[in-house]
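Breakdown of the fold
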Amino acid sequence: MPKHFRNEFRAELAVGFCPGCYMVQLTNLVEQEHLYNDEYAFFSGSSKGMSKHFQEFAEFIMQHYLPTDDSFVVEVGSNDGILLQHMAKRNIKHLGIEPSANVANIATKRGVESLVEFFNVTTAEKVKQTHGQADAILGANVICHIPDIHSVAKSVKALLKPNGVFVFEAPYIANTIRKTAFDQIYDEHAFFFGVHSVVNCFSRHGLELVDVMERNVHGGSMRYVLAHKGAHEVTSKVKQLLVLEDHLGLLKIETYQDFAKSAEKSRDQLKQLITGLREQGKKIVGYAATAKSATVINYCGLTPEHIKYISDTTPAKQGRYSPGAHIPIKPYEIFKQDKPDYAILFAWNHADEIMAKEKNFIKRGGKWIVFVPEVAIVENVKQ
Ligand code: TMP
């Protein structure tokens, strides 16, 4: 038994909805130190699509919100520096705040100034003393990871210049519901934000949502732009989305109850499909050991009997095992040489990139098993 199995921890994934502020969130939170440490296994630079996305994000921020030569930008959860490297290259004053030392070290090697800390009021005050207030504070798929969201708001309030902006991206609840993407629910995702919940949460701290932009990453994300109340004009897009969310039923518990039923149906169909194929002797593997895959595998009760291995390009994940079910994670090169009959597309959010490079898998007779938005066997997946 690999030694890591002895230290394995389990957390019950349960989601709650607040009818007062419309926040959707995990009700049992995992200790932050369990999740973010010097063995953090997710490297933002692990996909070409995300590299392109971060370049666009950096350009957007530099063009709109870093107006002068001495502008200062802070990123919360700066990971391997994939975003801030663009500011560093242009000699823009920047600081990444990243609690996982292993990924922060990669950022430092890329020339990104990084502070290995959790983002909280103490850190914000420290940065204010050492670097001054920021013109822009950024977060990419990270603010939804921080359980003490009020501490985030207070920290932003303290660290942001009077005319500065707080810009963050997170998977958008409307897309999660629409696609029955129940795999967005995993230990790191404490919050499933929507425009209403963001407005309600941050307005308590004097921060106003001034703009919103949809982004096609992480299965359908929203970019939120916030500022000190009254500092920036609120765009009409914010109001439009508030109305749309009401129409979509995102303010009613019944919508989330229906989502739970759809998730159960998806779980049962996926398990049945995979079990049937295994009874026919088909070889099934997993494609990409995403955090999301841990939810799918454990929720559906899949084991190494169903999935022979999961292929992943991240060296830190290879040679390890999927949480709970202990399915071996193998290097991508194994998948390329192998001839599985089916591959479960766990990284469905990177479908365009993966389809473009996996034409040979289909030529060899392989097929994809997908479960978002519906369980199906297909030869091609559109993102
Ligand atoms: P994400 O869905 O949270 O972005 O995680 C992506 C994971 O998928 C990461 O572990 C890298 C892996 N991956 C592959 O193994 N092959 C690929 O082609 C891509 C795009 C990602």
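Refer to the preceding data block for the structure.
The model shown is predicted, which means the values in this text are computed figures rather than measured ones. (Residues numbered from 1 in each chain as written. Predicted model: local features only at pLDDT ≥ 70, side-chain atom pairs only at ≥ 80, totals over all residues. Heavy atoms only, no water.)

Our next topic: the packing of aromatic side chains. For the structure on display, the rule yields 19 aromatic pairs. Of the aromatic side chains, those joined through ring pairs into one cluster are F166, F168, F191, F193, F202 and Y224. Looking at R267, its charged tip hangs above the ring of Y299, at a distance of 4.8 Å from the centre. (Phe/Tyr/Trp six-rings, centres within 6.5 Å; stacked < 30°, edge-to-face > 60°. Lys NZ or Arg CZ within 6 Å of the ring centre and 35° of its normal.)

Within the secondary structure, Q85 sits in helix α3 (residues 84–89). Residue Q85 is classed as buried on the basis of its relative accessible area of 15%. Those residues in contact with Q85, other than ones at most four positions away along the chain, are R110 and V112. (Helix = DSSP H or I, 4+ residues; strand = E, 2+ residues; numbered from the N terminus. Buried < 20%, exposed > 50% of the residue type's maximum accessible area, 1.4 Å probe, protein only. Contact = heavy atoms within 4.5 Å.)

Attention now goes to the pairing of strand β6 (residues 134–140). Within β6, 7 of the 7 residues are buried, which leaves the element mostly enclosed by the surrounding structure. Pairing of strand β3 (residues 72–76) with β6, which is carried by 4 bridges, proceeds in the parallel orientation. When the bridges of β6 are listed, V74 appears paired with I137. With helix α6 (residues 149–159) bridging β6 and the parallel strand β7 (residues 160–171), this β-α-β connection has right-handed handedness. (Pairing = 2+ DSSP bridges. Right-handed = clockwise from strand over helix to strand, strands pointing away.)

Another aspect to go through is the pattern of salt bridges. Applying the stated criterion to the full structure yields 12 salt bridges. Here R110 ties to D80 by a salt bridge, and the two come within 3.5 Å at their closest N and O atoms. With R110 in the loop between α4 (101–109) and β5 (114–115) and D80 in the loop between β3 and α3, this residue pair connects regions lying 30 residues apart in the sequence. Classification of D80 as buried rests on a relative accessible area of 4%. (Salt bridge = Lys/Arg side-chain N within 4 Å of Asp/Glu carboxyl O.)

To continue, consider the environment of A158. Relative to the helices and strands, A158 is located in helix α6. Given a relative accessible area of 15%, A158 falls into the buried group. Sequence separation between A158 and L302 is 144 residues; the distance between their C-alpha atoms is 46 Å. Residues in contact with A158, not counting those within four places in the same chain, are E125, K128 and Q133.

This brings us to the site of the ligand. Close to the ligand lie 16 residues, the nearest being K292, D312, K317, H350 and K357. Between the ligand and the protein, one listed contact pairs an oxygen atom with a side-chain N or O atom of H350 at 2.8 Å. Here K357 contributes a side-chain N or O atom positioned 2.6 Å from an oxygen atom of the ligand. Coverage of the ligand by the protein amounts to 97% of the 490 Å² it exposes when considered alone. When residues in the shell around the ligand are grouped by element, the largest group, 3 residues, is from helix α13 (residues 351–357). Grouping the constituent residues of the shell around the ligand by class yields 4 nonpolar, 7 polar and 5 charged. (Near = heavy atom within 4 Å. Polar contact = N/O pair within 3.5 Å; in protein donor to acceptor, adjacent residues only side chain to side chain. Areas by Shrake-Rupley, 256 points an atom, 1.4 Å probe, with all protein chains shown as cover. Nonpolar A, V, L, I, M, F, W, Y, C, P; charged D, E, K, R; others polar.)

With 27 residues, helix α10 (residues 253–279) ought to run about 39 Å at 1.5 Å a step, and its terminal C-alpha atoms sit 39 Å apart, in line with that. Listed in full, the buried residues belonging to α10 are T255, Y256, F259, A263, S266, L270, I274 and L277. Looking at the residues trailing α10, positive phi occurs at G281, about 80°. (Expected span 1.5 Å × (residues − 1).)

Glancing now at the nonpolar core. By size, the foremost hydrophobic cluster in this structure holds 93 residues, and its most contacted members are I143, F166, F193, F202, Y224 and L345. Broken down by element, this core gets its largest block of residues, 6 residues, from α10. Leave out the neighbours within four places in its chain, and L345 touches Y287, A351, I354, M355, W368, I369, V370, F371 and V381. Core analysis: the next-biggest nonpolar cluster, separate from the first, contains 28 residues, M50, A58, V210 and V225 among them. (Core = buried A, V, L, I, M, F, W, Y, C linked by side-chain atoms within 4.5 Å.)

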